[in-house]
Amino acid sequence: MLDGRVAVVTGAGRGLGRAYAKALAAAGASVVVNDIDADVAEETVDAIEKAGGAAVAVPGAVGGSETADALVARAVSEFGRLDVMITNAGALRDKTLRNTTDEDFDLVVTSHLRGTFTCGRAAAARFREQGEGGRLILVGSPAGQRASFGQTAYSASKGAIVAMMRTWAVELAKIGVTVNAIIPTALTRMVATIPGLGELVAAADRGEPVPEHIRRQGLGTPDDVAPLVVYLASAESSDVTGQAIAVGGDRIALWTHPDQVAEQLRPGGWTPEAVRDVFATELKDRLQDHLPAPLDLGGN
């Protein structure tokens, strides 16, 4: 499906990023593997090469233009071109608002949001130069779509990434570049601290199958997410752009674009009292639920 194509995957040393890189290589792509940890980046490359694929490691922290430009340059120097950029890398600091420091916020936003911006911009410039289109696959999160307790900076970054994706999809359509955001859910180290999920993550790490009722709720292994990435990286996905696509376990779903859910008009405009009254009447039952749906860990 991806023979002759060249992809960059940031944050590909572990977890979801490694699954993406290995699946892309298995489908025929040559892969530039990035991670802040040089050793785990090399481990991913070794796994790809042992399976008969082609890959090189480019360690470094994403965020600044220097790393983004180096990733694109290495793809071109090593494999001759760039077709796919997957912006997976990012740091996490699980802290409530009152405990989030400036340093915590900047680290998370720089790695996730600014890293997506600089890598996306560098890839788009190369796509434009090649004149043959391309694929930008950004990585969002349910935390950016709905409430996620203790993840101020992460939620802000992931929500902004999806918004940025929609803008890029419009801007880059004229040069044949598709831009989509995946919203992955998987049993990785990142979710192991969520109450009830630690044991499931440990079991998955031991190679035990994920219970069917958990898979049907959209939680599986990183390998369950990778097929969507391969499809979006392929020529077959040329008509799919501007989408936020949830994937995990047995489920693929589309997130809606933000839209109005209720509207009220008042001739002559609004007073504070009229606003109060409309929220107590016509709009009362139209307020949106901001809480995430709880997982059913019992299988009932």
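The structure under discussion appears in the preceding block.
Rules and cut-offs
Residues numbered from 1 in each chain as written. Predicted model: local features only at pLDDT ≥ 70, side-chain atom pairs only at ≥ 80, totals over all residues. Heavy atoms only, no water. Helix = DSSP H or I, 4+ residues; strand = E, 2+ residues; numbered from the N terminus. Buried < 20%, exposed > 50% of the residue type's maximum accessible area, 1.4 Å probe, protein only. Contact = heavy atoms within 4.5 Å. Salt bridge = Lys/Arg side-chain N within 4 Å of Asp/Glu carboxyl O. Pairing = 2+ DSSP bridges. Right-handed = clockwise from strand over helix to strand, strands pointing away.

### Side note on the overall build of the chain
For the chain, the count of helices and strands is 10 helices and eight strands. Projected onto its principal axes, the C-alpha coordinates of the chain cover approximately 65 × 45 × 40 Å. When each of the 300 residues of the chain is scored for burial, the buried share is 46%. Restricting to contacts in the chain with at least 6 residues of sequence separation, those with at least 24 account for 70%.

### Digging into the pattern of salt bridges
A full pass over the atoms with the stated rule returns 12 salt bridges. A salt bridge links R74 to E78; its shortest N-O distance comes to 3.3 Å. Of the two residues, R74 and E78 both sit in helix α3 (residues 65–79), four residues apart, roughly one turn of that helix. Given a relative accessible area of 29%, R74 falls into the partly exposed group. According to the relative accessible area criterion, E78 is partly exposed, its value standing at 40%. A cluster of three or more residues bridged by salt bridges with shared partners is formed by R81, D83 and E132.

### Comments concerning the pairing of strand β2 (residues 30–33)
Residues S30 and V32 line one face of β2 and the alternating positions V31 and V33 line the opposite face, and both faces are buried. Sheet topology places strand β1 (residues 6–9) next to β2; four bridges connect them, and they run parallel. Note on β2: the bridge partner recorded for V6 is S30. Handedness of the crossover joining β1 and β2 through helix α1 (residues 15–26): right-handed. When β2 meets strand β3 (residues 54–57), the two strands line up parallel, connected through four bridges. Of the residues in β3, the one forming a bridge with V33 is A57. Each parallel crossover has a hand, and for β2 linked through helix α2 (residues 38–50) to β3 it is right-handed.

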